[in-house]
Amino acid sequence: MSVVRSPLPEEHLKVVGDALQGALVDLVDLHLVGKQIHWTVVGPRFRTIHLQLDEVVAMAREHADTVAERASTLGLPPDGRAQTVAATSALDAVKDGWTDDAQAVRTLVDALGAVIARMRERIEATDEPDPVTQDILIEVTRDLEKHHWMFQAENGGQRG
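About the thresholds
- Residues numbered from 1 in each chain as written.
- Predicted model: local features only at pLDDT ≥ 70, side-chain atom pairs only at ≥ 80, totals over all residues.
- Heavy atoms only, no water.
- Helix = DSSP H or I, 4+ residues; strand = E, 2+ residues; numbered from the N terminus.
- Rg over C-alpha atoms; globule rule 2.2 N^0.38 Å.
- Buried < 20%, exposed > 50% of the residue type's maximum accessible area, 1.4 Å probe, protein only.
- Contact = heavy atoms within 4.5 Å.
- Areas by Shrake-Rupley, 256 points an atom, 1.4 Å probe, with all protein chains shown as cover.
- Lys, Arg positive; Asp, Glu negative; His and termini not counted.
- Charge placed at Lys NZ, Arg CZ, Asp CG, Glu CD.
- Patch = residues over 30% accessible without salt bridge, like charges linked within 9 Å, V, L, I, M, F, W, Y side chains within 5 Å.
- Salt bridge = Lys/Arg side-chain N within 4 Å of Asp/Glu carboxyl O.
- UniProt positions renumbered as here; feature names shortened; annotations may be inferred.
- Core = buried A, V, L, I, M, F, W, Y, C linked by side-chain atoms within 4.5 Å.

Undergrad: Describe the overall build of the protein, naming the residues involved and giving the relevant values.
TA: Helix and strand counts for the protein stand at five helices and two strands. Over its C-alpha trace the protein gives a radius of gyration of 17 Å, about what one expects of a compact globule, namely 15 Å for 160 residues. In terms of principal-axis extent, the alpha carbons of the protein reach across some 55 × 30 × 20 Å. Counting every position in the protein, which comprises 160 residues, the buried fraction comes to 47%. Here the analysis covers contacts within the protein between residues at least 6 apart in sequence; of these, 84% occur between residues at least 24 apart. Surface accessibility of the protein: about 8,600 Å² in total, with carbon and sulfur atoms responsible for 54%. Considering the protein, the positive charge centre built from 16 side chains and the negative charge centre built from 26 side chains are found 5 Å apart.

Spelled out as structure tokens, the structure:
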């Protein structure tokens, strides 16, 4: 059953659909990672990181909605269900318990970096089949990179 018909040819729709579904999963999982750390971060920079995480969570939720609605616009039912995200996400799991502030920042730097790398692949993949979707993915990546920079700066760019 297809409720909405796409103006894109089938071969383009497959590429675009895969890119949008992958982006949706990444953004939903990034939201969950950010919220989990938001609830468990402790340390001298608690308040700063706690508030910064709220910004990442809000951005990820907003962009997930945009990505899902783009999929729907093209006649592709988005799948953001918990079991789908758990089964297909490439983000590392967040450890249980409390998260010290430096580890919280490292976790977000790594998660954002992983999502950015995949978003850039999706930008490239959607260049020819659908510049409209590509434009959305570029905007998402721009915001992800901004938060990536801010979290790297939070730990002075140190990995350890």
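Undergrad: Break down a negative patch on the surface for me, citing the residues and quoting the values.
TA: Taken together, Glu10, Glu11, Glu121, Glu124, Asp127 and Glu128 make up a surface patch of like negative charges. Of all the elements in the fold, those that place two or more residues in the negative patch are α1 (10-40) and α4 (101-125). Along the chain, Asp127 turns up in the loop between α4 and α5 (131-154). By relative accessible area, Asp127 is classed as partly exposed at 45%.

Undergrad: How would you explain the UniProt feature "domain: Ferritin/DPS" (unreviewed entry) in the protein if you had to name every residue and give the values?
TA: Here the UniProt-annotated "domain: Ferritin/DPS" (unreviewed entry) positions come out as residues 18-153. Summarising residues 18-153: 78% helix, 3% strand, and an end-to-end C-alpha distance of 33 Å.

Undergrad: How would you explain the pattern of salt bridges if you had to name every residue and give the values?
TA: In the structure shown here, the tally under the stated rule is 10 salt bridges. For Asp18, the salt bridge is made with Lys14, and the minimal N-O distance between the two is 2.8 Å. With a gap of four residues between them, Asp18 and Lys14 both fall in helix α1, about one helical turn apart. By relative accessible area, Asp18 is classed as partly exposed at 44%. For Asp26, the salt bridge is made with Arg122, and the minimal N-O distance between the two is 2.9 Å.

Undergrad: Can you lay out the nonpolar core for me, pointing to particular residues and giving the numbers?
TA: If you look at the biggest cluster of nonpolar residues, it comprises 42 residues, and the most contacted ones within it are Leu30, Val67, Leu108, Met119, Leu144 and Phe151. When residues of this core are traced back to their parent elements, those giving at least two are α1, α2 (46-73), α4 and α5. Broken down by element, the residue count for this core peaks at 12 residues, all from α1. Beyond its immediate chain neighbours, meaning those up to four positions away, Leu30 contacts Val56, Ala60, Leu91, Leu108, Ala111, Leu112 and Leu144.

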